[in-house]
Amino acid sequence: NWEWTSQLHAPSIMPHLRKAMFARALSDFSFELVTSPRRRAMGGPVDVSFVIGHRGLERLPLLLATLKSIAAQEGVSVECIVVEQSAEMLIFPALPEWVSYVHTPPPVAGMPYARSWAFNVGALRTSGRLLIFHDNDLLVPVTYAAEHLKVIDSGYDAANLKRFIFYMNEQATQDVTG
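Note that this is a predicted model, so its numbers are computed, not measured.

### Thoughts on the packing of aromatic side chains
Per the stated rule, a full pass over the model turns up three aromatic pairs. Arranged with centres 5.0 Å apart and planes meeting at 50°, the rings of Phe-92 and Tyr-101 form a pair that is tilted. The buried category is assigned to Tyr-101, whose relative accessible area is 15%.

Quick look at the structure:
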């Protein structure tokens, strides 16, 4: 819910359309959850760098599912930097080995989460030719990074390709992420 986004009207008055739209989106843009990247630059150039900011253990299962969807990217080499902004290193043991981890303790106790700070810290560690600042709870289709590269390679300096975001209840989230 942001000032530049809006809810689709039809699904709000005809709830059955929500499920139909979700099914259609999944057929057009499938996603998978895998444990390690399909194609990772081992000594070669990285195509796409994902930077994700994170804080706390409550949302860790969502972050882990997001990482699995990033690992499933097809046709590109990816890296992922997770920046944990907390007093203690809480999530490091749970992260897959292919994910780079950066710990940034807040300078002041009780400081609220500062997303842009996390992104700036992570951006300094990337090696990809394309940088994607990513949410810690957003699963992406297997072609997400490749589609971003196509847009950037066609002459754009920046892109935001998210069109439909489906918010799911806790049970539906469990069904999808395991």
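Additional details are given in the paragraphs that follow.
### Thoughts on the sheet that holds strand β3 (residues 99–103)
Paired through backbone hydrogen bonds, the strands of a sheet run either parallel or antiparallel to each other. An order of β3-β2-β1-β4 is seen for the four strands of this open sheet, with the pairing classed as parallel. Since the sheet does not close on itself, it has two edges, and those belong to β3 and β4 (130–134), each with one partner. Each neighbouring strand pair of the sheet contributes to a mean axis angle of 20°, computed without reference to strand direction. Examined bridge by bridge, strand β1 (residues 48–54) and strand β2 (residues 78–84) share seven bridges and lie parallel to one another. Looking at the pairing, Ser-49 lines up with Glu-79 of β2. Sitting on the sheet, helix α4 (residues 115–123) touches β1, β2, β3 and β4, and the angle it makes with β1 is about 145°.

Criteria and cut-off values
- Once a new chain begins, its residue numbering starts again from 1 and follows that chain's sequence as written.
- Only residues with pLDDT of at least 70 are given local features in this predicted model, and only at 80 or more are side-chain atom pairs given and counted; all residues enter the totals for whole chains, interfaces and linings.
- Note: side-chain values were computed over all heavy atoms of the structure, leaving out hydrogens and water.
- Two aromatic rings, drawn from Phe, Tyr or Trp (for Trp, its six-membered ring), form a pair once their centres lie within 6.5 Å of each other, and the interplanar angle then sorts them: stacked below 30 degrees, edge-to-face above 60, tilted otherwise.
- Note on exposure labels: buried denotes an accessible area under 20% of the residue type's maximum, exposed denotes more than 50%, and partly exposed covers the range between, all computed with a 1.4 Å probe on protein chains only.
- Being paired, for any two strands, means DSSP has found at least two bridges between them.
- By the criteria applied, helices consist of DSSP H or I runs no shorter than four residues and strands consist of E runs no shorter than two, each listed in order from the N terminus.
- Every axis in this analysis is a line fitted to C-alpha atoms, fitted for helices over the stretch in contact. Angles between the N-to-C directions lie between 0 and 180 degrees.
- Residue contacts follow a heavy-atom distance rule, with two residues in contact if any of their heavy atoms lie within 4.5 Å.

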